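Summary of structural features
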Amino acid sequence: MRRVMKDKVAIVTGASSGIGAATARAMAREGIDLVLVARRGDLLEEVASDVRALGRRAHVVIDDVADGAHARRVLDEAMRAFGRFDIVFANAGYGMERTIHEMTDDEVRTMFEVNFFASLGLLRAAAVDLIRDRRGGHLLMCSSCVSKFSLPRHGLYAATKAAQESVCRAMRFELAHAGIEVASVHPVTTTTEFYQVSAKRSGVRQAAVPPHARPFFTQSPERVAKAIVSCLYSPRSEVWTSATVRFSAALFTLCPWILDAVLRREASRYSSTPSL
Ligand SMILES: NC(=O)c1ccc[n+]([C@@H]2O[C@H](COP(=O)([O-])OP(=O)(O)OC[C@H]3O[C@@H](n4cnc5c(N)ncnc54)[C@H](OP(=O)(O)O)[C@@H]3O)[C@@H](O)[C@H]2O)c1
């Protein structure tokens, strides 16, 4: 029987742009009410008015996911605004283009705080509330295709994404008894602010385009949003948006020397990328 999305409530972090904003709009089209979370309130309000124009309710929460009280604050806001939540998409995140040894301790910790610990904290707290209220639900994290293969100068980012995939896999089976679905989302290069933010944070002139980011593999955030909505109706452990990259990831696991050869070429290319 097809799952019913109408009148469900979803929390989306990183909803002010890119994949989060597109997913919020796509969910609203399915009849879902939205709690929209990010730091830039003006952009959140724009997404909220799109959601309302689609006939659904939207509640904006301006919050930094790296703040220790983030998870509790957002879940409480959802309960206060709508009296429930059913879906949580922990999507806020960013990348940096920097070799691992060049990153400062602070940069390493902050990236794990935002990309991994914040999404982990939100899903853990949401799971406890959903189990307590016997409501079932759907929890998702925005990982990446690079959860399956690390890349030079994107290695720490890939580590945060692999960590997300790992906990989603375990949580999926730990929470099945409570009727809670868990999934990791694995986009390939998506046309969002991601690479500009990454370049700015890294102090490089322009973010170098990694191998999976060539035009052939580039997708719109709407394409990712469509795959996420499809997962709400037909739950699965991993949401992929490119069969080619998924196949390549499987091949790299089976034959790591192929990945080594690809990355050796990439590393030599990156070594000539100037830093500011
Ligand atoms: N674009 C890609 O090629 C790609 C590929 C694979 C996976 N992903 C993943 O997709 C997710 C979304 O990225 P995107 O591509 O949509 O990039 P984006 O357009 O830069 O969106 C990132 C979102 O995260 C929010 N965010 C970042 N740091 C935050 C913080 N400390 N607190 C609250 N919100 C924060 C930003 O909002 P504010 O700045 O308003 O706070 C923004 O809404 C990320 O997890 C990323 O790793 C992206």
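Residues numbered from 1 in each chain as written. Predicted model: local features only at pLDDT ≥ 70, side-chain atom pairs only at ≥ 80, totals over all residues. Heavy atoms only, no water.

Once that is clear, we can look at the site of the ligand. Lining the immediate environment of the ligand, one finds 29 residues, of which S16, R39, N91, Y157 and T192 sit closest. Contact between the ligand and N91: an oxygen atom at 2.8 Å from a main-chain N or O atom of the residue. In the environment of the ligand, an oxygen atom lies 3.3 Å from a nitrogen or oxygen atom belonging to the backbone of E193. For the shell around the ligand, the secondary structure elements donating two or more residues are α1 (18–29), α5 (155–174) and α6 (194–202). Here the shell around the ligand is built from residues that sort into 12 nonpolar, 11 polar and six charged. (Near = heavy atom within 4 Å. Polar contact = N/O pair within 3.5 Å; in protein donor to acceptor, adjacent residues only side chain to side chain. Helix = DSSP H or I, 4+ residues; strand = E, 2+ residues; numbered from the N terminus. Nonpolar A, V, L, I, M, F, W, Y, C, P; charged D, E, K, R; others polar.)

The contact between helix α3 (residues 70–82) and helix α4 (residues 105–132) brings their axes to 8 Å, and the two run at 45 degrees. In this view, α3 runs oblique relative to α4, as classed from their interaxial angle. For the pair α3 and α4, the crossing hand works out as right-handed. Along its contact with α3, which presents H70, A71, R72, V74 and L75, the element α4 presents A118, G121, L122, A125, A126 and D129. Taken together, the residues of the contact of α3 with α4 break down into seven nonpolar, two polar and two charged. (Axes fitted to C-alpha atoms, helices over the stretch in contact; angles between N-to-C directions. Parallel < 35°, antiparallel > 145°, perpendicular 65-115°, else oblique. Left-handed = near helix turned anticlockwise from the far one by under 90°. Contact = heavy atoms within 4.5 Å.)

Every α-helical turn comprises 3.6 residues, leaving residues that sit three or four positions apart pointing alike. Relative to the 16 Å expected for 12 residues at 1.5 Å per residue, α1 spans 17 Å between its end C-alpha atoms, a close match to the ideal helical length. Counting buried positions over the 12 residues of α1 gives 10, a clear majority of the element. Within α1, burial applies to G18, I19, G20, A21, A22, T23, A24, A26, M27 and A28. Its buried side turned inward, α1 meets β1 (9–13), β2 (33–38), α2 (41–53), β4 (87–90), β5 (137–142) and α7 (221–233). Backbone geometry just after α1 places G31 at a positive phi near 95 degrees. (Expected span 1.5 Å × (residues − 1). Buried < 20%, exposed > 50% of the residue type's maximum accessible area, 1.4 Å probe, protein only.)

Within the largest apolar cluster, 36 residues are counted, with the highest numbers of intra-cluster contacts made by M27, L34, L36 and L140. At eight residues, α7 tops the list of elements feeding residues into this core. Setting aside its immediate chain neighbours within four residues, L36 contacts V12, A15, A24, L44, V47, A48, A58, H59, V60 and V61. Among the nonpolar cores identified, the runner-up in size contains 26 residues, and F85, L123, A126 and A127 belong to it. (Core = buried A, V, L, I, M, F, W, Y, C linked by side-chain atoms within 4.5 Å.)

With that settled, consider α5. For α5, which comprises 20 residues, the first-to-last C-alpha distance of 29 Å matches the rise-based estimate of 28 Å (1.5 Å per residue) to within 8%. All of the buried residues in α5 are G155, L156, Y157, A158, T160, K161, A163, Q164, E165, C168, M171 and R172. Looking at the buried residues of α5, the elements they touch are α4, β5, β6 (180–186), α6 and β7 (238–240).

Turning our attention to the pattern of salt bridges. Applying the stated criterion to the full structure yields 22 salt bridges. Here K6 makes a salt bridge to D7, at a shortest N to O gap of 3.8 Å. On the accessibility criterion, D7 (42% relative accessible area) is partly exposed. (Salt bridge = Lys/Arg side-chain N within 4 Å of Asp/Glu carboxyl O.)

What follows deals with the side chain of Q219. Tracing the chain through its elements places Q219 in the loop between α6 and α7. A residue is classified by how much of its surface remains accessible, and Q219, at 13% relative accessible area, is buried. From its side chain, Q219 meets the backbone oxygen of T241 in a polar contact 2.4 Å long. Beyond its immediate chain neighbours, meaning those up to four positions away, Q219 contacts V188, T189, T190, T191, V224, T241 and S242.

Among the five residues in β1, five count as buried, and that is most of the element. Of the two faces of β1, the one holding V9, I11 and T13 and the one holding A10 and V12 are both buried throughout. Note: β1 against β2, five bridges, orientation parallel. Note on β2: the bridge partner recorded for T13 is V37. On the question of chirality, the crossover connecting β1 to the parallel β2 by way of α1 is right-handed. (Pairing = 2+ DSSP bridges. Right-handed = clockwise from strand over helix to strand, strands pointing away.)

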